[in-house]
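Given next are the chains, with one letter for each unit.
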Amino acid sequence: GQSLEQPSEVTAVEGAIVQINCTYQTSGFYGLSWYQQHDGGAPTFLSYNGLDGLEETGRFSSFLSRSDSYGYLLLQELQMKDSASYFCVLNQAGTALIFGKGTTLSVSS
Amino acid sequence: DAGVTQSPTHLIKTRGQQVTLRCSPKSGHDTVSWYQQALGQGPQFIFQYYEEEERQRGNFPDRFSGHQFPNYSSELNVNALLLGDSALYLCASSLDRIITDTQYFGPGTRLTVL
């Protein structure tokens, strides 16, 4: 089967940088995605890594190392609106998404 | 351009009843996936529909069934409801020919089983 591990909670202050780590176990996958979900809202796509290395999208960056079964999401210049749950997600064959349990990020002023 | 829409937004049922949830995919998308999200957990994959057929299924019992219509919209049916079926049910759409296409999620239907 597949499994993903990520911290349950992270706290930070506005303007800071935070890194959310994710380790996974799977027999095969196309890539690793990150989704953001505000309380009661729909998950929204943030970033995708199909290959090893760093992907940068504005204030957000994501990294994947297949040899280490490890990835992370880096959020820079944190804003209050970044307070949300962040999910590490395996993109499986057939496009099913396998979600981790999520990391709740709380940003304070 | 409308995104993914779901109806109803909230639903309250009692144990043993049956429920039908509906989803309209984002314009141009042909693949619909359904997920169940329990409180404090990540979404869990239920099944995926493409070309009106169930193409892939997660670890959910046969009480969970679905349908996709020619216009790509979809329904999720749950029979013999259990208290544990209380959750947010999310629909996501994507474009099949792009195998790693981003999935776009709807706002979900909050189902409460009493």
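**Topic: the sheet that holds strand E1 (residues 3-5) of chain A**
Residues and elements named next belong to chain A.
Next up, step 1: If you trace the 5 strands from one edge of the open sheet to the other, you get E1-E3-E8-E7-E6, paired in antiparallel fashion. Two strands in the sheet have a free side with no partner beyond their single neighbour: E1 and strand E6 (53-57). Strand-to-strand twist of the sheet, defined as the mean angle between neighbouring strand axes without regard to direction, takes the value 20°.
Next up, step 2: Relative to strand E8 (residues 70-75), strand E7 (residues 60-65) runs antiparallel, the two being bridged by 6 bridges. Looking at the pairing, Ser 65 lines up with Tyr 70 of E8.

**Observations regarding the interface of chain B and chain A**
By convention, interface size is frequently given as the accessible area that disappears when the constituent parts associate.
Next up, step 1: Contacts between the two partners involve 19 residues from chain B, matched on the other side by 17 residues from chain A.
Next up, step 2: Summed over both partners, the interface of chain B with chain A comes to about 1,600 Å²; 56% of that surface belongs to carbon and sulfur atoms.
Next up, step 3: The tally of links from chain B across to chain A stands at 3 residue pairs in polar contact (both at pLDDT 80 or more).
Next up, step 4: For the side of chain B that touches chain A, the secondary structure elements donating two or more residues are strand E4 (31-37), strand E5 (44-50), strand E6 (53-57) and strand E9 (87-94) of chain B.
Next up, step 5: Class assignment for the residues of the side of chain B that touches chain A results in 8 nonpolar, 10 polar and 1 charged.

**Considerations on the packing of aromatic side chains**
All names here are of chain A.
Next up, step 1: According to the stated counting rule, one finds 14 aromatic pairs over all chains in the structure shown.
Next up, step 2: Taking 5.7 Å as the distance between ring centres and 50° as the angle between the ring planes, the aromatic pair formed by Tyr 35 and Phe 99 counts as tilted. Separated by 64 residues along the polypeptide, Tyr 35 in strand E4 (residues 31-37) and Phe 99 in strand E10 (residues 97-99) bring together distant segments of the chain.
Next up, step 3: Residue class for Tyr 35 comes out buried when judged on its relative accessible area of 1%.

**Regarding unusual backbone geometry**
Residues and elements named next belong to chain B.
Next up, step 1: The omega torsion of the bond from Ser 7 to Pro 8 falls at -10°, within 30 degrees of zero and hence cis.
Next up, step 2: With respect to the element layout, Pro 8 can be found in the loop between strand E1 (5-7) and strand E2 (10-13).
Next up, step 3: At Glu 51, a position not held by glycine, the phi torsion is positive, near 50°.
Next up, step 4: Locating Glu 51 in the fold gives a position in the loop between E5 and E6.
Next up, step 5: You can call Glu 51 exposed: its relative accessible area is 56%.

**Here's the deal with the nonpolar core**
Next up, step 1: Within the largest apolar cluster, 23 residues are counted, with the highest numbers of intra-cluster contacts made by Leu 4, Leu 32, Trp 34, Leu 75, Tyr 86 and Leu 105 of chain A.
Next up, step 2: Those elements that provide at least two residues to this core are strand E2 (9-13), strand E3 (18-25), E4, E7, E8, strand E9 (84-91) and strand E11 (103-108) of chain A.
Next up, step 3: Setting aside its immediate chain neighbours within four residues, Leu 75 of chain A contacts Ala 16, Ile 17, Val 18, Ile 20, Arg 59, Phe 60, Tyr 86 and Leu 105 of chain A.
Next up, step 4: Counting residues in hydrophobic clusters, the runner-up holds 20 residues, among them Val 19, Leu 21, Leu 81 and Val 113 of chain B.

**Notes on the environment of Gln 6 of chain A**
Residue and element names in this part refer to chain A.
Next up, step 1: Positionally, Gln 6 belongs in the loop between E1 and E2.
Next up, step 2: Once you skip the residues sitting within four places of it in the chain, Gln 6 turns out to touch Ile 20, Asn 21, Trp 34, Tyr 86, Phe 87, Cys 88, Gly 100, Lys 101, Gly 102 and Thr 103.
Next up, step 3: Side-chain polar atoms of Gln 6 contact the backbone oxygen of Tyr 86, separated by 2.8 Å.
Next up, step 4: Here the side chain of Gln 6 touches Gly 102 through a polar contact of 3.3 Å, landing on its backbone nitrogen.

**Describing the confidence of the model for chain A**
Next up, step 1: Counting all residues, the mean pLDDT for chain A is 94, and 97% of those residues have values of 70 or more.
Next up, step 2: Per-element confidence in chain A is highest for E8 of chain A, whose mean pLDDT is 98, and lowest for E10 of chain A, whose mean pLDDT is 91.

**Regarding the sheet that holds strand E3 (residues 19-24) of chain B**
In a beta sheet, neighbouring strands pair by backbone hydrogen bonds and run either parallel or antiparallel.
Residue and element names in this part refer to chain B.
Next up, step 1: Taken in spatial order, the 4 strands line up as E1-E3-E8-E7 in an open sheet, and their pairing is antiparallel. Looking at strand neighbours, the two that pair on one side only are E1 and strand E7 (64-68), the edges of this open sheet. Across the sheet, the axes of successive neighbouring strands diverge by a mean angle of 20°, strand direction being ignored.
Next up, step 2: Here E1 runs beside E3; their pairing, made up of 3 bridges, is antiparallel. Directly across from Thr 5, in E3, lies its bridge partner Ser 24.

Rules behind the numbers
Residues numbered from 1 in each chain as written. Chains lettered and ligands numbered in written order. Predicted model: local features only at pLDDT ≥ 70, side-chain atom pairs only at ≥ 80, totals over all residues. Heavy atoms only, no water. Pairing = 2+ DSSP bridges. Helix = DSSP H or I, 4+ residues; strand = E, 2+ residues; numbered from the N terminus. Axes fitted to C-alpha atoms, helices over the stretch in contact; angles between N-to-C directions. Contact = heavy atoms within 4.5 Å. Buried area = accessible area lost by both parts, 1.4 Å probe. Polar contact = N/O pair within 3.5 Å; in protein donor to acceptor, adjacent residues only side chain to side chain. Nonpolar A, V, L, I, M, F, W, Y, C, P; charged D, E, K, R; others polar. Phe/Tyr/Trp six-rings, centres within 6.5 Å; stacked < 30°, edge-to-face > 60°. Buried < 20%, exposed > 50% of the residue type's maximum accessible area, 1.4 Å probe, protein only. Core = buried A, V, L, I, M, F, W, Y, C linked by side-chain atoms within 4.5 Å. pLDDT = per-residue confidence, 0-100.

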